[in-house]
Amino acid sequence: MNEEHFKKIISHSKEFGFIFPSSEIYDGLSATYDYGQNGIELKNNIKKYWWKSMVQMNENIVGLDAAIFMHPTTWKASGHVDAFNDPLIDNKDSKKRYRADVLIEDHIGKIEEKNNKDVKKAKKRFGNDFDENTFRTTNGNILRRNEEIKTIESKMEVAFNGDNLDAIYDLIIELGIKCPVSGSNNWTKVRQFNLMFSTEIGSLSDDSSKIYLRPETAQGIFVNYLNVQKTGRKKLPFGIAQIGKAFRNEIIARQFIFRMREFEQMEMQFFIKPGSQKEWYNHWKETRIAWHKSLGFNNEDLRFHDHIKLAHYADAACDIEFKFPFGFKELEGIHSRTDFDLKQHEEHSKKKQRYFDPELNESYVPYVVETSIGLDRMFLALLSHSLKEEELENGSSRVVLSIAPPLAPTKAAILPLVKKDGLGEKAKEIYHSLKLDFQCLYEEKDSIGKRYRRNDAIGTPFCITIDHETLEDNKVTLRERDTMNQKRVLIKDLSTIIDQKTNMKTLF
Ligand code: ATP
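Residues numbered from 1 in each chain as written. Predicted model: local features only at pLDDT ≥ 70, side-chain atom pairs only at ≥ 80, totals over all residues. Heavy atoms only, no water.

K.L.:
In this structure, what is going on with the pattern of salt bridges? I would like to understand it.
P.N.:
Any two side chains of opposite charge can pair, given that their charged atoms come close. In total, this model carries 37 salt bridges according to the counting rule given. Two residues, D456 and R453, come together in a salt bridge whose shortest N-O distance is 3.9 Å. Here R453 and D456 lie together in helix α15 (residues 448-457), a separation of three residues that amounts to about one turn. Exposure remark for R453: the relative accessible area of 32% places this residue in the partly exposed category. Of the charged contacts in the structure, one is a salt bridge between D467 and R488, with a shortest N-O distance of 3.1 Å. Separated by 21 residues along the polypeptide, D467 in the loop between β21 (462-466) and α16 (470-473) and R488 in strand β23 (residues 486-490) bring together distant segments of the chain. What makes D467 buried here is its relative accessible area of 15%. Relative accessible area serves as the criterion here: at 29%, R488 is assigned to the partly exposed category. Connected through salt bridges with shared partners, the residues E390, R398, R453, D456 and R479 form a single ionic network. (Salt bridge = Lys/Arg side-chain N within 4 Å of Asp/Glu carboxyl O. Helix = DSSP H or I, 4+ residues; strand = E, 2+ residues; numbered from the N terminus. Buried < 20%, exposed > 50% of the residue type's maximum accessible area, 1.4 Å probe, protein only.)

Below you can see the structure in the form of structure tokens.
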């Protein structure tokens, strides 16, 4: 756990208007956050890039914006009323509550960490001759630990797939897992806890008026799939994408915006011919990991994690995990959901959810492969990856958010060296000429050095300084965020230069 870095991300987010605790003047509301002036720009840019990649760049994927409230039977059909539970366990000494599966996975993570440490040590010892693959497949300690992990995983699989809460409890005891707060293993039994928020619609308060805040955006897509297919005259395979809020009453909401009770998802359901799910599942795994890499994430910061405990609807599932400051955790899920959801809706609504396949001349319920990414988690991954403190040649240091320029909240900062002598007016003129194409900001307060630092800290790729010479030669000083190089360029060339670096096209 890189606690220092994580703390910096949280304080930086607040100091520079990315994220504020919700209703802070009332001391905040746990696990709920508001996005500030820079946060909303970054968030919108992530959405825009996702939407372009998934909808605009795929001729067979279209968008949708379904309501958050849905008919309550939706959640009966989807299984969320009966099975959207987390197994929770309390430590009797610290009174802290944990998710039982997370406790076991963290335990496995610690064993993996030991392996990684051994690899690191050996790397140091053997230098250039070191072959990690051979070491990992022959070293006695590593092999023994891998066996240990396998045994735990298979016990976990049996316990979770059989919904055997006692066996999960037994495994926690057997592994000697202790509460990180009290240090004891004085645990309660494992219990199930439903994660959906409910409220009432209208003024009646009987059971028929109870509705839920959607815990995922996917069901809005499923219940509309025939609407889209018919009105859009779509042929299989085709996809429907949606970005929207989802709500979960998480037992332990923590780790900043990683686990919130109100969050945003970017989901795409891809409807396919039964039998082709393996091929499409692999296709979307590859496509989605490539998307993450296009944003500059390092290979060693991303990995696939196959699910041991498959959800009730899935025949294959994996996560794309990102190395957050608190370890590798799920960023995106890719799930082969079979025909489970559509069949359930067919049964509960009594309306056929079949697709007529003109090639086969028959009707069937399509299979679905889903990609589901948390927008807030993506935001946190980008901050974790991009926020750096750099030592400079002159011995000073700077904080810089070296985020991919097309995602940067502000593309260019327009800075008159001083406000007087007509420089302010000239700078405003430049600001107005660029603002239609780029998110820009105009700043005249503080020394130019301080303004550069502030813009580095929010990830602005370009600073444009207007000085006295500008009035004579129509040139400005263009400073680039990453290299800190400065050069004089003509005002008329600014738009092209900024576009070359910040256009989303550069990511494709
Ligand atoms: P976890 O195991 O971390 O609870 P999950 O497997 O329940 O996540 P999914 O149901 O697959 O998550 O949801 C898809 C995506 O939505 C996740 O990959 C994650 O990025 C995001 N997500 C899920 N729950 C939350 C939350 N409480 N806060 C923020 N993002 C979330």
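K.L.:
Looking at this structure, I do not really get the nonpolar core. What am I missing?
P.N.:
Within soluble globular proteins, side chains that are nonpolar tend to cluster in buried spots. If you look at the biggest cluster of nonpolar residues, it comprises 65 residues, and the most contacted ones within it are I46, W50, L295, M378, F379 and L407. Ranked by residues supplied to this core, first place goes to helix α13 (residues 375-386) with seven residues. Composition of this core by domain shows at least three residues from each of domain 1 (1-68 + 209-388) and domain 3 (392-507). Once residues within four sequence positions are removed from consideration, W50 is found in contact with V55, A241, Q242, I243, M266, E267, M268, R288, W291 and I373. Of all hydrophobic cores here, the second largest spans 21 residues; its members include A100, I104, I111 and I177. (Core = buried A, V, L, I, M, F, W, Y, C linked by side-chain atoms within 4.5 Å. Domains from an automatic or database assignment. Contact = heavy atoms within 4.5 Å.)

K.L.:
How do you make sense of the site of the ligand when you look at a structure like this?
P.N.:
The local shell around the ligand holds 16 residues, among which E250, R259, M260, E330 and L331 are the closest. At 3.2 Å from an oxygen atom of the ligand is found a side-chain nitrogen or oxygen belonging to R99. For the ligand, an oxygen atom lies 2.9 Å from a polar atom in the side chain of R248. A total of 590 Å² of accessible area belongs to the ligand in isolation, and the protein chains cover 87% of it. (Near = heavy atom within 4 Å. Polar contact = N/O pair within 3.5 Å; in protein donor to acceptor, adjacent residues only side chain to side chain. Areas by Shrake-Rupley, 256 points an atom, 1.4 Å probe, with all protein chains shown as cover.)

K.L.:
Can you help me understand the packing of aromatic side chains in this one?
P.N.:
What characterises a pair of aromatic rings is the spacing of the ring centres plus the angle enclosed by the ring planes. All told, the structure shown has 21 aromatic pairs when counted by the stated rule. Through successive ring pairs, a cluster of aromatic residues spans F6, F258, F297, F322, F324 and F326. Positioned above the aromatic ring of F328, the side-chain terminus of R303 is 4.1 Å from the ring centre. A cation over an aromatic ring shows up here: R377 above the ring of F258, its NZ or CZ 3.7 Å from the ring centre. (Phe/Tyr/Trp six-rings, centres within 6.5 Å; stacked < 30°, edge-to-face > 60°. Lys NZ or Arg CZ within 6 Å of the ring centre and 35° of its normal.)

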